[in-house]
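Listed below, chain by chain, are the residues.
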Amino acid sequence: MLNFNPLSLFQTKGKIKKKYREAKASYLNRIRFAVGMFYFAMGLSFATWASRIPDIKTALHLSEGQLGSILFALPVGQLIIMPFSGKMVTKFGSHRVLVFSLIMYVLSLTNLGLATTALQLSLGLFVFGIFGNLANIAVNTQGVYTETLFKKNILSSFHGMWSFAGFTGALVGLGILALKLVPYHHFLIITAVVFIMIGFNFKFLIKAKEKIKIKKESKSLFTRPDITLLWLGVIGFCSMASEGVMFDWSGIYFKEIVKAPGALVILGYTSFMIMMSGGRFIGDKMNNKFGRQRVMQISGCMISVGLFTSVIFPYIIPCTIAFMVVGLGVSTIVPTVYSIAGKNSTVSPGEALTIVSSISFLGFLMGPPIIGYIAETFGLQFSFAFIGIFGILIAFMVSKINISAN
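Residues numbered from 1 in each chain as written. Predicted model: local features only at pLDDT ≥ 70, side-chain atom pairs only at ≥ 80, totals over all residues. Heavy atoms only, no water.

Draft legend 1. Structural context of the packing of aromatic side chains. On inspection of all chains with the given rule, the structure shows 14 aromatic pairs. Between the aromatic rings of Y39 and F158, the centroid separation amounts to 5.1 Å while the plane-to-plane angle is 5 degrees, which identifies the pairing as stacked. One end of the pair, Y39, is in helix 2 (residues 25-51); the other, F158, is in helix 8 (residues 155-179), with 119 residues separating them in the sequence. Accessibility assignment for this pair places Y39 and F158 in one class, buried. A centroid spacing of 6.0 Å and a plane angle of 75 degrees characterise the contact between F100 and F131, whose relative ring orientation is edge-to-face. Here F100, found in helix 6 (residues 94-114), pairs with F131, found in helix 7 (residues 118-150); they are 31 residues apart in sequence, far enough to count as distant. One aromatic cluster is present, formed by Y253, F254, F323 and F384 through successive ring pairs. Sitting above the plane of the F204 ring, R30 keeps its charged end 4.0 Å from the centroid. The ring of F150 has R32 sitting right over it, with the charged end atom 5.5 Å from the ring centre. (Phe/Tyr/Trp six-rings, centres within 6.5 Å; stacked < 30°, edge-to-face > 60°. Helix = DSSP H or I, 4+ residues; strand = E, 2+ residues; numbered from the N terminus. Buried < 20%, exposed > 50% of the residue type's maximum accessible area, 1.4 Å probe, protein only. Lys NZ or Arg CZ within 6 Å of the ring centre and 35° of its normal.)

Draft legend 2. Examining unusual backbone geometry more closely. A positive phi is found at H61, a non-glycine position, where the angle reads about 55 degrees. Relative to the assigned elements, H61 resides in the loop between helix 3 (53-59) and helix 4 (64-71). Phi at K180 is positive, roughly 60 degrees, even though this residue is not glycine. Mapped onto the fold, K180 is located in the loop between helix 8 and helix 9 (183-201). Take K180: its relative accessible area is 74%, and that puts it in the exposed class.

Draft legend 3. Looking closely at a nonpolar patch on the surface. A grouping of F164, F281, I282, M286 and F290 is seen on the molecular surface, where their side chains present a nonpolar patch of about 430 Å² in accessible area. The element contributing the most residues to the nonpolar patch is helix 11 (residues 267-290), with four residues. As for its position among the elements, F281 is in helix 11. (Patch = residues over 30% accessible without salt bridge, like charges linked within 9 Å, V, L, I, M, F, W, Y side chains within 5 Å. Areas by Shrake-Rupley, 256 points an atom, 1.4 Å probe, with all protein chains shown as cover. Salt bridge = Lys/Arg side-chain N within 4 Å of Asp/Glu carboxyl O.)

Draft legend 4. Inspection of helix 12 (residues 292-312) at higher detail. Under the 1.5 Å per step criterion, the end-to-end length of helix 12 is 30 Å for 21 residues, consistent within 8% with the ideal 30 Å. Along helix 12, the positions that sit buried rather than exposed are R292, V295, M296, S299, G300, I303, S304, G306, L307, S310 and V311. (Expected span 1.5 Å × (residues − 1).)

Draft legend 5. Spatial organisation of the pattern of salt bridges. Taken as a whole, this structure holds three salt bridges when the rule is applied. Here E256 makes a salt bridge to K57, at a shortest N to O gap of 2.7 Å. With E256 in helix 10 (residues 227-256) and K57 in helix 3, this pair connects stretches of sequence that are 199 residues apart. For K57, a relative accessible area of 7% translates into the label buried. Among the ionic pairs, R280 bridges to E243, the shortest N-O distance being 3.4 Å. One end of the pair, R280, is in helix 11; the other, E243, is in helix 10, with 37 residues separating them in the sequence. Each of the two residues, R280 as well as E243, counts as buried.

Draft legend 6. Summary view of the nonpolar core. Core analysis: the largest hydrophobic core is formed by 110 residues, its most contacted members being W49, L121, L125 and F384. Contact partners of L125, with chain neighbours within four places excluded, come to W49, I70, L71, A73, L74 and L112. (Core = buried A, V, L, I, M, F, W, Y, C linked by side-chain atoms within 4.5 Å. Contact = heavy atoms within 4.5 Å.)

Draft legend 7. Inspection of the packing of helix 10 against helix 16 (residues 380-398) at higher detail. Packing of helix 10 against helix 16 brings their axes to within 9 Å, and their N-to-C directions diverge by 155 degrees. Here helix 16 runs roughly antiparallel to helix 10, going by the angle between their axes. Crossing of helix 10 over helix 16 shows left-handed handedness. Class assignment for the residues of the contact of helix 10 with helix 16 results in 19 nonpolar, four polar and no charged. (Axes fitted to C-alpha atoms, helices over the stretch in contact; angles between N-to-C directions. Parallel < 35°, antiparallel > 145°, perpendicular 65-115°, else oblique. Left-handed = near helix turned anticlockwise from the far one by under 90°. Nonpolar A, V, L, I, M, F, W, Y, C, P; charged D, E, K, R; others polar.)

Structural data, given as structure tokens:
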């Protein structure tokens, strides 16, 4: 298999300063809160954009296919910066990169509200994607360092903060729509909120001495990846594709298919985010009680049931419930997949997570644009039914790999 990921040649290690390791519990909790707020700020920024997609689509008179093409600009920006994000975090420090990239991320958000043409929106999403990826690498590095200080698994709670921010962003969007504010003014408000979050929390980010070790390249261009990691990557791909579609298309589905009146167009997105947020906070308990394999199989089935229900019964109440089911279904799959990959016995944790996260992340990036093309040809309901198949695939693939021991 060809190695297309330059980051796989590097292993980033951080030496956390002694003062953090000897800090009081109250200070460590303040660090955890600060890092959690940066996750929250990132989730809030992305949710704000997602909540106004239907309005921007209408304002620019875009078809489903045109919107799908424009949405490709975001993953292109993320993919272009991806080979350099890790190097920048290592060279300048994750705390510095996180503050800089998050500031640029929300400023890029405001530019999306100024777009008056498809080209302007595409360029705006391209820049939005660049700083989004850079902030994502930096904030997760901070999350790993914080988890090291606490010496217990708390990373999933940070991802829960990101999801909770998505729910909050949806509620704020609902209120903003009721006030009939244009997207630009909405985005300015969120930018101000994020700036306040940064101001109160940046001093508590962990300052670690980060080193980079270049691994020796294999003499062969081809490597044989662990088959279990490939299965896990595809499972993550299916889950994140479903998640990405709900982020970018749930509002449009409620507006054009469900015909939800006024501010209720955001109800589907809100219901999805509520359940995804809640599911991530209780996911560890569910896995411990019922086993990871069973929870993942049930989660895959829930994704399919929810999406198929929204297609068969395109009405407000059934679709709201259906999107809640989808949210609960996707909530635990990716965190569980990453956890299993990190404990793989044949590959180092860094390499395992690189393989699995790279494949999974493609689903989040590519799913929404592809849905636009399918919707343009066959209709939006058909495209949601197509994504519904992914849940069945998840349940099938989980049964083919042995994760009971992990």
